[in-house]
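# Geometric and topological summary
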Amino acid sequence: MAAQHTTLGLIQRSSTNNPDENFSKTIANIREAASAGAQIILLQELFNTTYFPQVPDDTYFDWAESIPGPVTDKLTELAKELGVVITAPFFERRAAGLYHNSLVVIDADGSLMGTYRKKHIPDDPGFYEKYYFTPGEDAYQVFETRYAKIGPLICWDQWYPEAARITALKGAEILVYPTAIGTLPDEDEQMANEFVDAWQTIQRSHAIANGCFVASINRVGQEGDLTFWGRSFVAGPFGQMLSQAGGEEEILLATIDLAKIEKQRQIWPFFRDRRIDTYKPILKRYID
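None of these values were measured; they are calculated from a predicted model.

### Observations regarding a negative patch on the surface
Negative charge collects at one region of the surface, where D188, E189, E194 and D197 lie side by side. If you trace the backbone, E189 turns up in helix α4 (residues 189-210).

Right under this line is the structure:
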């Protein structure tokens, strides 16, 4: 099969309490990534704000925006100008009292293809997302963009193989995981390293089990009690670490060959050998 190359640009950056400043900086990063050859540009979770769910505070609801709205208006214009695909995750105000941790996919012609709303919502120390976000009730989605079929999932979704499997079965060539993950003050260096290893391992396993690419985009910097570790990466269809960022601001580029998906699935035909007649128990919360 002939090569089908496309270049990803993962924008890993720090954020401030000024959404306009964050947005302007991200626009500059998108332009830089496009100039460097990126065709699909991937932004981190809640890209234009801090990771505010560290604490319950109703003033942060003022940061939520509608879809379509000012953020999508500007990004669709930019995508069309540059001829790039953009995935942009941000705080969505869907209606009064109804808010989501959402992501939009914008095609290279500037069209707003659709919205994915985070399904799995955590509620842990430093990650009080249930206070802010309603779980998305729409189906897992795949967007056939100019350069690749993108299956977006968001942060806590990345720990669930069911979400990855369904999205891949719907045709995703790249599972995209925008993320905000870091360490709390009581977590030492060893614990931080173990978290990073687990975080990368689970997502690389999705690449292996589904024979597709995975791109994970984290943030960096200190926000409140959280230290975000970065380490954004792209994994290949057999879990190969194709490109990895460090712990500072970075635009991570990775050129991938989509033709490798079919070749990998020929060698390791996990989809062929699935025993779908045996999987009904997975619909239970717990199996006694």
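So that's the structure; there's more coming.
### Observations regarding the pairing of strand β2 (residues 40-43)
Consecutive side chains of a regular strand alternate in pointing toward one face of the sheet and then the other. Burial along β2 is two-sided: I40 and L42 and I41 and L43, pointing in opposite directions, are all buried. In the sheet, strand β1 (residues 5-12) pairs with β2 via four bridges, with the strands oriented parallel. Directly across from G9, in β2, lies its bridge partner I41. Here β2 runs beside strand β3 (residues 85-95); their pairing, made up of three bridges, is parallel. By the bridge assignment, I40 is partnered in β3 with V85.

### Observations regarding unusual backbone geometry
Of note, the amide linkage connecting I67 to P68 takes the cis form, showing an omega dihedral of -5 degrees. Along the chain, P68 falls in the loop between β2 and α2 (70-82). In the Ramachandran plot, L46 falls in the positive-phi region, its phi being about 50 degrees despite a non-glycine side chain. In this structure, L46 sits in the loop between β2 and α2. Here the phi dihedral of R231 falls at roughly 65 degrees; this positive angle occurs in a residue that is not glycine. Looking at the secondary structure, you find R231 in the loop between β14 (226-229) and β15 (233-235).

### Digging into the sheet that holds strand β13 (residues 220-223)
Spatially, the three strands line up as an open sheet ordered β11-β14-β13, and their pairing is antiparallel. Of all the strands in the sheet, the pair left with one neighbour each is β11 (182-183) and β13. Sheet topology note: the β13/β14 ladder contains four bridges and is antiparallel. Bridge pairing in β14 places G221 opposite F228.

### Section: the sheet that holds β15
As summarised here, the arrangement of the six strands in space is β8-β9-β10-β12-β15-β16, forming an open sheet in which the pairing is mixed. The open sheet has two edge strands with one neighbour each: β8 (143-144) and β16 (241-244). The sheet contact formed by strand β9 (residues 149-152) and strand β10 (residues 174-178) spans three bridges and is parallel. Bridge assignment links P152 to a residue of β10, and that residue is V176.

Conventions we followed
Throughout this document, residue positions are counted from 1 along each chain, in the order its sequence is written. For a predicted model such as this one, the threshold for reporting local features is a pLDDT of at least 70, and the threshold for listing and counting side-chain atom pairs is 80 or more; totals across whole chains, interfaces and linings nevertheless cover every residue. Calculated side-chain values reflect all of the structure's heavy atoms, with hydrogen atoms and water omitted. Like-charged residues are merged into a patch within 9 Å and nonpolar side chains (Val, Leu, Ile, Met, Phe, Trp, Tyr) within 5 Å, provided each residue has over 30% relative accessible area and no salt bridge. The Shrake-Rupley method, run with a 1.4 Å probe, gives the accessible areas here. Residue values count only the displayed protein chains as cover. Whenever Lys or Arg places a side-chain nitrogen within 4 Å of a carboxyl oxygen from Asp or Glu, that contact is recorded as a salt bridge. Charge counting treats Lys and Arg as positive and Asp and Glu as negative, with His and both chain ends excluded. Note on charges: their place is set at NZ of Lys, CZ of Arg, CG of Asp or CD of Glu. Numbering of helices and strands starts at the N terminus; helices are DSSP runs of H or I of at least 4 residues and strands are runs of E of at least 2. Exposure is judged per residue with a 1.4 Å probe applied to protein chains only, and the accessible area is read against the type maximum: over 50% gives exposed, under 20% gives buried, and values in between give partly exposed. Between any two strands, at least two bridges found by DSSP are needed for them to pair.

Nothing here speaks to function; it is all geometry.
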